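# Commentary on secondary and tertiary structure
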Amino acid sequence: LQVLSDTLTRDELMAEMNRYKDALGVRCSFCHVRTSDGMDFSSDDRGHKRIAREMIRLERRVTAELRAMPD
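Below is a summary of the structure that appears in this document.

Definitions and limits used
Residues numbered from 1 in each chain as written. Predicted model: local features only at pLDDT ≥ 70, side-chain atom pairs only at ≥ 80, totals over all residues. Heavy atoms only, no water. Helix = DSSP H or I, 4+ residues; strand = E, 2+ residues; numbered from the N terminus. Rg over C-alpha atoms; globule rule 2.2 N^0.38 Å. Buried < 20%, exposed > 50% of the residue type's maximum accessible area, 1.4 Å probe, protein only. Salt bridge = Lys/Arg side-chain N within 4 Å of Asp/Glu carboxyl O. Patch = residues over 30% accessible without salt bridge, like charges linked within 9 Å, V, L, I, M, F, W, Y side chains within 5 Å. Areas by Shrake-Rupley, 256 points an atom, 1.4 Å probe, with all protein chains shown as cover. Disulfide = S-S within 2.5 Å. Expected span 1.5 Å × (residues − 1). Arc of directions from axis to C-beta. Contact = heavy atoms within 4.5 Å.

## Remarks on the overall build of the protein
Of regular secondary structure, the protein possesses two helices and two strands. When the helices and strands of the protein are listed from N to C terminus, the series reads α-β-β-α. Expected size for 71 residues packed as a compact globule is a radius of gyration near 11 Å; at 14 Å, the protein overshoots this value by more than 25%. Based on the C-alpha atoms only, the size of the protein along its principal axes is roughly 55 × 25 × 20 Å. Within the protein, the proportion of its 71 residues that are buried is 13%.

As structure tokens, then:
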């Protein structure tokens, strides 16, 4: 995991991924590579996965900056 906490349990990770999937209205294969054996979740071959990581990083930066602003 590059942007999500490596302390997440498998169930927590799947719940988080499902939230992203549902919010975007897409399937797992939108970001993850489908193989003949199933999904290769570790592969970085899909551009949407790289974009998703950058969006998560951006959201964290914006949130941190907004929280740091005086009331």
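## A short note on the pattern of salt bridges
With the rule as written, the count across this model stands at five salt bridges. A salt bridge links E16 to R19, with the shortest nitrogen-to-oxygen separation between them at 2.5 Å. Here E16 pairs with R19, and both are found in helix α1 (residues 10-24), just three residues apart, close to one helical turn. Here D44 and R53 are joined by a salt bridge, their closest N and O atoms 2.9 Å apart. Take D44: its relative accessible area is 29%, and that puts it in the partly exposed class. Via salt bridges that share partners, D44, K49 and R53 belong to a single interconnected network.

## Quick look at a nonpolar patch on the surface
A cluster of nonpolar side chains, namely I51, M55, L58, V62, L66 and M69, defines an oily patch on the protein surface of about 570 Å² accessible area. If you trace the backbone, L66 turns up in helix α2 (residues 47-68).

## Notes on the state of the cysteines
Under the definition given, this model contains zero disulfides. Lacking any disulfide linkage, C28 is separated from the closest cysteine sulfur, that of C31, by 8.9 Å.

## Describing α2
Its 22 residues give α2 an end-to-end C-alpha distance of 32 Å, which sits within 8% of 32 Å, the value for a rise of 1.5 Å per residue. Within the sequence span of α2, burial applies to K49, R53 and I56. Projected down its long axis, α2 shows its buried positions confined to an angular sector of 60°, all on one face. In α2, the exposed positions that point more than 90 degrees away from the buried face belong to I51, E65 and L66.

## Points about the side chain of H32
Inspection of the secondary structure assignment puts H32 in the loop between α1 and β1 (33-35). Excluding anything up to four places from it in sequence, H32 contacts M17, M39, F41, R46 and K49.

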